[in-house]
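Letter by letter, the chains look like this.
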Amino acid sequence: MKQSVKLVAGNWKMNGLGASLTEVEVLRAALESEPAACRVALCPPATLIERMARAAAGSPIGVGGQDCRAETHGAFTGDVSAAMLRDAGATLVILGHSERRQGHGETDLLVSAKAEAALGAGLEPIVCVGETLQQREAGQAVDVVRSQIMASLPLVLAGRDFAVAYEPVWAIGTGLTPTLEQIEEVHRAVRAAMIERLGPGIAATPILYGGSVKPDNAAEILAVPEVGGALVGGASLRGADFLGIIRGA
Ligand code: PGA
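J.: Now, about the sheet that holds strand β7 (residues 207-210): what can you tell me, with residues and values included?
T.: Strands belonging to one sheet form pairs held by backbone hydrogen bonds; the direction of such a pair is parallel or antiparallel. With parallel pairing, 8 strands are arranged side by side around a closed barrel as β1-β2-β3-β4-β5-β6-β7-β8. Across the sheet, the mean angle from the axis of one strand to that of its neighbour is 25 degrees, orientation sign disregarded. Judged from the 5 bridges that link them, strand β1 (residues 7-11) and strand β2 (residues 39-43) form a sheet pairing that is parallel. Across the sheet, the residue bridging to Asn11 is Cys43, located in β2. Relative to strand β5 (residues 124-129), helix α7 (residues 141-152) is tilted by about 150 degrees, and along the sheet it contacts β5 and β6 (163-166).

J.: Please provide a residue-by-residue account of the pairing of strand β4 (residues 92-95), values included.
T.: Covered by surrounding structure in β4 are Leu92 and Ile94 together with Val93 and Leu95, the residues of both alternating faces. Direction of pairing for strand β3 (residues 61-65) relative to β4: parallel, over a ladder of 2 bridges. Within β4, the residue paired with Gly64 across the bridge is Leu92. Between the parallel pair β3 and β4, the chain is carried across by helix α3 (residues 82-88), and the sense of this crossover is right-handed. Two strands pair when backbone bridges link them, and β4 and β5 are joined in this way by 4 bridges, in the parallel orientation. Within the sheet, the bridge partner assigned to Leu92 lies in β5 and is Glu124.

J.: Lay out the pairing of β7 with the relevant residues and their values.
T.: The side chains of a regular strand alternate, residue by residue, between the two faces of the sheet. By the alternation rule, side chains of β7 split into Ile207 and Tyr209 and Leu208 and Gly210, which are all buried. Strand direction decides the pairing type here: β6 and β7, joined by 3 bridges, are parallel. When the sheet's bridge partners are listed, Tyr166 is paired in β7 with Tyr209. For the handedness criterion, the β-α-β arrangement of β7, helix α9 (residues 215-222) and strand β8 (residues 229-232) is classed as right-handed.

J.: I'd love a proper account of the site of the ligand, names of residues and values included.
T.: The local shell around the ligand holds 13 residues, among which Lys13, His97, Glu167, Gly173 and Ser212 are the closest. The backbone of Ser212 places a nitrogen or oxygen atom 2.8 Å from an oxygen atom of the ligand. In this structure, Gly234 approaches the ligand through a main-chain N or O atom, which is 2.9 Å from an oxygen atom. Coverage of the ligand by the protein chains reaches 97% of its 280 Å² of free accessible surface. Of the residues in the shell around the ligand, the class split is 4 nonpolar, 7 polar and 2 charged.

J.: Kindly report on the layout of surface pockets, identifying the contributing residues and their values.
T.: The computed volume of the largest pocket comes to approximately 510 Å³. Going through the elements one at a time, α2 (46-56) and α4 (98-103) are the ones with two or more residues in the lining of the largest pocket. Tallied by class, the residues present in the lining of the largest pocket amount to 9 nonpolar, 6 polar and 6 charged.

The rules behind these values
- Residues numbered from 1 in each chain as written.
- Predicted model: local features only at pLDDT ≥ 70, side-chain atom pairs only at ≥ 80, totals over all residues.
- Heavy atoms only, no water.
- Pairing = 2+ DSSP bridges.
- Helix = DSSP H or I, 4+ residues; strand = E, 2+ residues; numbered from the N terminus.
- Axes fitted to C-alpha atoms, helices over the stretch in contact; angles between N-to-C directions.
- Contact = heavy atoms within 4.5 Å.
- Buried < 20%, exposed > 50% of the residue type's maximum accessible area, 1.4 Å probe, protein only.
- Right-handed = clockwise from strand over helix to strand, strands pointing away.
- Near = heavy atom within 4 Å.
- Polar contact = N/O pair within 3.5 Å; in protein donor to acceptor, adjacent residues only side chain to side chain.
- Areas by Shrake-Rupley, 256 points an atom, 1.4 Å probe, with all protein chains shown as cover.
- Nonpolar A, V, L, I, M, F, W, Y, C, P; charged D, E, K, R; others polar.
- 1 Å grid on protein atoms, 1.4 Å probe; cavity = no way out; pocket = protein on both sides within 12 Å on 5 of 7 lines; lining within 4 Å.
- Points joined across faces, edges and corners; volume = space filled by probe spheres on them.

Next comes the structure, spelled out in structure tokens:
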């Protein structure tokens, strides 16, 4: 496993047309004149993966999908397999994002099957976990995240390149973030659960924080012990903002 360097990944969600690729050019030029201290990736909608991969070719910017189907092929109208993402030029894929868990009824079991499929296609999965506000207020954040880790990470991840993203649902797109102490507490619990599930070999696998990461809070969040990078939504849409976060790593 190559990992221990931080990973800053952008999730464009359902945003971006061909014209948005100018943001990749902005980012690419900046990273070529001053290399990043972290790994960098962007996950555009599926329609842009191939074009973004071409725009990023030869640069340090990796391209990822936002979801994939667990099956390799078949009668699944509208879905995309891991091999299709890979074929389009992706090297990573976000899985189990809360917008998929909540909006599409994705369970831990399904996320685990998707992670296995992603590995099988040569993609690096970024598996997302995180508690709702109600769960946080009920004092259940650590327990919820721990049980998501135990059930969403397939055993085949041991020894492979992947990442986990801790994204409190209530912090996504809201401008709210947990305190640095709360982030550290959950990240430590995630690490412990990962080791329990997959063994001590995953000690260097990055655990990203996601949820309202912006250029002005990125450096302090990325400096928290056990924070191995960031998964960034809104602030990844503009190259200049995303660069500000990358520079904080
Ligand atoms: P946000 O989204 O940065 O816009 O809060 C994060 C995410 O959903 O990954």
